[in-house]
Amino acid sequence: MTDTAMATARETATPSRLNPPRVRLPKLVQGFLFAFFRGKAMRYWIKRHGHIFEINVAFFGRSVVVSEPALVRSVCTASAEQLINVQPNLSNWFGPGSVFGLDGGRHRDRRRLLAPAFHGQSLKSYETVIEDETRRESANWPEGKEFRILEPMSRITLNVILRIMFGADGTELKELREMVPAYMKLGQLLAFAPAPPAWIRRHSPWAKLDEFRRTFDRIVCTLIERTESDPNLVERNDILAYLVRSGHDKGTGISRADICDELSTLVGAGHETTASALAWTFERIRRHPDVLAELSNEVDEGGGEFRRATIFESLRVRTVIDVIGRQPNSPNFELDQWSIPDHRTVLVRIADLHENPEIYPHPERFDPYRFRGTRPAAPEWLAFGGGARRCIGSDFAIAEMDIVLRTLLQSFRLHTDAAAGEKSHFRGIAHIPKLGGRVILHHRK
Ligand code: HEM
């Protein structure tokens, strides 16, 4: 901590512990910087105050921002009873039955219900669908002409989720494919904004969001009814089937409304994030011919270790979700030597943790060799968050990225050059490459 920061901290210190230093700017200015220049503002505040400080911004209010590994570890290892989910959170958008809206025992039960669909055997059984969607989407890509890879990646990840998680097919798959992208785009924008009262809502963008949601629920209800009467329900391994089957075990069942909220959650949390991470991976590889050469050799030899390392490094150097939040559930929550004053939110800035030169020498470099033969984990690597609320789809997302990348490397040669790196653009939840991850591809002979 700098001298100024130490002095500020002492001003508010309790006898045994320090309160985090505060950023002393008008709330409106802080909010503006947090919304539009977050990366630059955070770097400046870290330089001035160190890796823990307090900001005051719209939506989250007074918030303590941390990005130092020991503090991040303390946040991740705090019990679900000590730190509950931040308010507001994505259940604003997905509904109160979403895992994002649950805490404590209900949150644990829901995760237990969803977990089997994201691990081991289930992941293996998804491989063919992911390969199939990748080949279908890439069949008509322009040869030798530059194009944005983000939207094709979004279509792949959306179709994969709809088929794998919803078990969707035929008319419902077609309808969902058409309506979900616009629903997701608007939802991301409004996710954290406070909902207006009903009389304004009818004449605001929320009315459109409500309309999308009614259509989504209608389609999902048809899928639920079909799943309930499916004679092969026991053998199915899509998430909808898991959720419907759970209703058969007395006491652990999930209501239809909650199934709709949860499916909306999975498509909302899982498709743009993975598509953005894939677009960033291509954006980085394009500028690193050495990495591409190694990836291509490896794919020809049937390996995958370096590809995995490339995915981990891409998720580090271009963090898709830059911040996660928690709410202390009791007054005067203590975070190592710091006392977190009442009614504060705790925000972990993943992007700053990933840019820390003490953890990652030359953090700005895209260097997959850092992760070769290792599996990065919290608190140093936090692309999927940590602790009781760590991303439930992380293994699925990595497996999907791996299969998409492998399938495309087998079929295409990516043009590499020294084009300037794309800037990051914030879409409301995910950070995407501003130009959509522009690529030039040639078929491999
Ligand atoms: C590269 C892709 C992805 C990234 C970068 C990502 C990142 C994250 C992050 C940072 C969190 C917050 C964790 C925390 O608060 O500690 C999260 C939560 C979550 N993610 Fe992901 N995610 C990805 C893909 C997916 C996929 C594919 C799914 C499901 C299909 C998914 C479903 C969820 C859910 C349900 C939560 C809430 C967990 C809870 O509150 O218990 N995510 N994700």
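Undergrad: Would you take a moment to explain the coordination of the iron atom of the ligand for this structure?
TA: Six octahedral donors around a metal ideally sit at 90 or 180 degrees from one another, while four tetrahedral donors ideally sit at 109.5 degrees. Exactly one donor from the protein chain reaches the iron atom of the ligand: Cys391 (SG), at 2.3 Å. Residue placement: Cys391 occurs in the loop between helix H16 (350-354) and helix H17 (394-411).

Undergrad: Explain the site of the ligand to me, please; I cannot follow it from the model alone.
TA: Near the ligand there are 27 residues, and of these His107, Arg111, Arg326, Gly386 and Cys391 occur at the shortest range. Residue His107 places a side-chain N or O atom 2.7 Å away from an oxygen atom belonging to the ligand. Contact distances for the ligand include 3.1 Å between an oxygen atom and a backbone N or O atom of Gly386. Looking at the shell around the ligand, the elements that each hand over two or more residues are helix H6 (104-114), helix H13 (256-286), strand E5 (323-328) and H17. The element that contributes the greatest number of residues to the shell around the ligand is H13, accounting for 7 residues. Partitioning the shell around the ligand into residue classes produces 16 nonpolar, 8 polar and 3 charged.

Undergrad: How should empty space enclosed by the protein be read in this particular structure?
TA: Where empty space is left can be seen by rolling a probe of water-molecule size over the atoms. The final tally for this structure, using the stated rule, is 2 cavities of 30 Å³ or more. The computed volume of the largest cavity comes to approximately 90 Å³. Every residue lining the largest cavity is counted, 16 residues in all, and those nearest its centre are Ala80, Leu83, Arg326, Ala388 and Arg389. When residues of the lining of the largest cavity are traced back to their parent elements, those giving at least two are helix H4 (69-77), strand E3 (83-85) and H6. Considering every element that reaches the lining of the largest cavity, the biggest residue donor is E3, with 3 residues. Here the lining of the largest cavity is built from residues that sort into 7 nonpolar, 6 polar and 3 charged. Within this model, the second largest cavity holds a volume of roughly 50 Å³. If you go around the second largest cavity, the residues you meet are Phe282, Ile285, Leu292, Leu408, Leu409, Phe412, Arg413, Leu414 and Leu441. Looking at the lining of the second largest cavity, the elements that each hand over two or more residues are H13, H17 and strand E9 (412-414). Take the lining of the second largest cavity: its biggest share by element is 3 residues, from E9. Of the residues contributing to the lining of the second largest cavity, the split by class is 8 nonpolar, no polar and 1 charged.

Conventions we followed
Residues numbered from 1 in each chain as written. Predicted model: local features only at pLDDT ≥ 70, side-chain atom pairs only at ≥ 80, totals over all residues. Heavy atoms only, no water. Donors = N, O, S within 2.8 Å, 3.2 Å for Na, K, Ca; no water. Helix = DSSP H or I, 4+ residues; strand = E, 2+ residues; numbered from the N terminus. Near = heavy atom within 4 Å. Polar contact = N/O pair within 3.5 Å; in protein donor to acceptor, adjacent residues only side chain to side chain. Nonpolar A, V, L, I, M, F, W, Y, C, P; charged D, E, K, R; others polar. 1 Å grid on protein atoms, 1.4 Å probe; cavity = no way out; pocket = protein on both sides within 12 Å on 5 of 7 lines; lining within 4 Å. Points joined across faces, edges and corners; volume = space filled by probe spheres on them.

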